Amino acid sequence: MQQQPHWSQPSQRPRAELRALQRVVRRAGRATKLATGALALLLLVTPTTVDRLNLATSTYLCSGYAECQAAGYGHAGYRQASSTAYWRMYAGHNCTNYVAYRLIQSGMPNARPWDGSGNASNWGVAMASITDQTPTVGSVAWYKSHANPAGANGHVAIVEQVISDTEIIVSEDYWGGDFHWRRVTKSGGGWPTGFIHFNDRVVEPTTAPAIVGSAAVGAPLEVAAGAWTPTPTSVTVRWLADGAAIPGATAPGYVPTPSVKGKTLTAEVTAELSGYTAGRAVLATAPVAPGSFQPTALPTIQGVPEAGQTLTLTTSSWSPQPSKVTTQWYADGIALPGATGASLVLSRKHIDKPISARTTARASGYRKYTSTAPETTPVLAKPVAITSPSRVKGTPQVGRRLVVRGGSVRPSDASATYAWLRDGRRIAKATNATYTVRRADLGRNLSVQITLTRRHYRSTTESVAVPTPVTTVPEIKVRTDATRKRVAVDVRVRAPGASKPDGAMTVSVGGRAAEIQLVSGKARVVVRGVRPGKKPVVVRYAGTDVVRPAVARASIRVPTRR
């Protein structure tokens, strides 16, 4: 600070000399007043810090451009650019010019963003709207007048690193001094008056966050955090409904509840990194729509649809589980009054009508959901009753006819349809009450299914089996040739469905018998020692499982000796 001149007055002086000296003093006084006024005017219009800083409350990390550069603490090119004035500040070693230079380097224009004094002490006053107590990388550390360690004109520096809320590292240049990096702690004194946030370093998104999912009650939403630069140490989410924070909704995922139906949801995404202004994004959804139930098990109707029987509706289930479920039964599509329980007793008024049922799920915040059970066949009366069984008349032989003799039924006017079966399989075009046994039936078991029907009654099916497998009756042809005491017999056997049967045979000529084997429907035997005369020939075929036994008779004359 410039001091006023101090004059000492001697004890003895001539009077003229004293007057001369007084004139000199008056002229010097006027000059001093002019100089003092000029200096005062200069201080008003010059945006500079003229007081040196007291650094006793801080820790030097480096001093001077070269030393700091060598220690890894840069000056962002200000050493070469310091001869230029920025924001109309004094060039050279000057805190305000250095800080203005750094802000221009970070993207701000070379135009002071306020009118009035450029002194450091005025920065935080002029920019009060962006000044607070939160240090961030790239913000301006501001000291008001006489705020330790600043002098009357204040001081500004650039926040290079934020160690914590109470410890920072700054770079600075100052009037009449040198360039420094220093560490400042809140407990050690010398903490800035405030921090001006002109153009801080901010965590910025490279891929924008987004809400994944549709806003509906019960439908999960998820915030995709996106990508940020530099990489944040944490990304947090806060959900709001119509601008009000949702208690406990601070995770990326959120499932809207009925309480937020119709409200617009927003997700506030905050990406934080120590020393940087947090990056923020606000995402919004459409108003939350009512939720939808998802059926996990559909209802079905259990029971026999006939008068006097009870139908039961199986339990439906949904996700989420509804708070209320109602049931309504229908007959031929028309709601049955009072039929709202889990079961329905059928009566004659339901005859000939299909039955269905619907269950409706309801819950606050959700659209109601109705599930319909597949309808039954038309309701019938009791089944046609058989009071005496039917039977099959006839012999099960190839070529023979079988006839169904119907039993007694109730109601008596029930109609009957027939289906003949061979070993349990339907026989094509065999749908009459009579059936002529076919060659393909040989050795098989026959049966007939009789279906009794009547309108409004449940059909009844009666199965009647033919007692024995189908057989066939053979035809035996005998040819003989006789000489003295010798008769040759040739036998041919054929049968419908078994044209060349095998089996055992006995041939008797005039009381003399021989046993032979029929092979592929043929056999030959010679009977010797037969006396002359007319002799009976008897052929007895023993048959098989499917070919019935048979006997053929003939006669032959055995000649006398020639």
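### Re the pairing of strand β5 (residues 167–173)
Successive side chains on a regular strand alternate, one facing one side of the sheet and the next facing the other.
And then number 1: Burial of β5 is extensive: 7 of the 7 residues sit out of reach of the surface.
And then number 2: Covered by surrounding structure in β5 are Glu-167, Ile-169, Ser-171 and Asp-173 together with Ile-168, Val-170 and Glu-172, the residues of both alternating faces.
And then number 3: The pairing of strand β4 (residues 155–164) with β5 spans 5 bridges and is antiparallel. Residue Gln-161 lies in a different strand from β5, and its bridge partner there is Ile-169.
And then number 4: Connecting the antiparallel pair β4 and β5 is a turn made up of 2 residues.
And then number 5: Two strands pair when backbone bridges link them, and β5 and strand β6 (residues 179–185) are joined in this way by 7 bridges, in the antiparallel orientation. If you follow Ser-171 over to β6, its bridge partner there is Trp-181.
And then number 6: Hairpin connection from β5 to β6: 5 residues lie between these consecutive antiparallel strands, with Gly-176 at a positive phi of about 70°.

### Observations regarding the sheet that holds β4
And then number 1: The antiparallel open sheet is built from 7 strands, whose spatial order is β1-β6-β5-β4-β3-β7-β2. Of all strands in the sheet, those with a lone pairing partner are β1 (59–63) and β2 (131–132), marking the two edges.
And then number 2: Note: strand β3 (residues 140–143) against strand β7 (residues 194–196), 3 bridges, orientation antiparallel. Across the sheet, residue Val-140 finds its bridge partner in β7, namely Ile-196.
And then number 3: Packed onto the sheet, helix α4 (residues 95–105) meets β3, β4, β5 and β6 and runs at close to 60° relative to β4.

### Considerations on the sheet that holds strand β29 (residues 401–405)
And then number 1: The strand order across the open sheet built from 3 strands is β28-β29-β33, with neighbouring strands paired in antiparallel fashion. Two strands close off the open sheet at either side, each with one partner strand: β28 (391–393) and β33 (434–436). Taking each pair of neighbouring strands and ignoring which way they run, the sheet shows an average axis angle of 25°.
And then number 2: As paired elements, β29 and β33 share 3 bridges and run antiparallel to each other.

The rules we used
- Residues numbered from 1 in each chain as written.
- Predicted model: local features only at pLDDT ≥ 70, side-chain atom pairs only at ≥ 80, totals over all residues.
- Heavy atoms only, no water.
- Buried < 20%, exposed > 50% of the residue type's maximum accessible area, 1.4 Å probe, protein only.
- Helix = DSSP H or I, 4+ residues; strand = E, 2+ residues; numbered from the N terminus.
- Pairing = 2+ DSSP bridges.
- Contact = heavy atoms within 4.5 Å.
- Axes fitted to C-alpha atoms, helices over the stretch in contact; angles between N-to-C directions.

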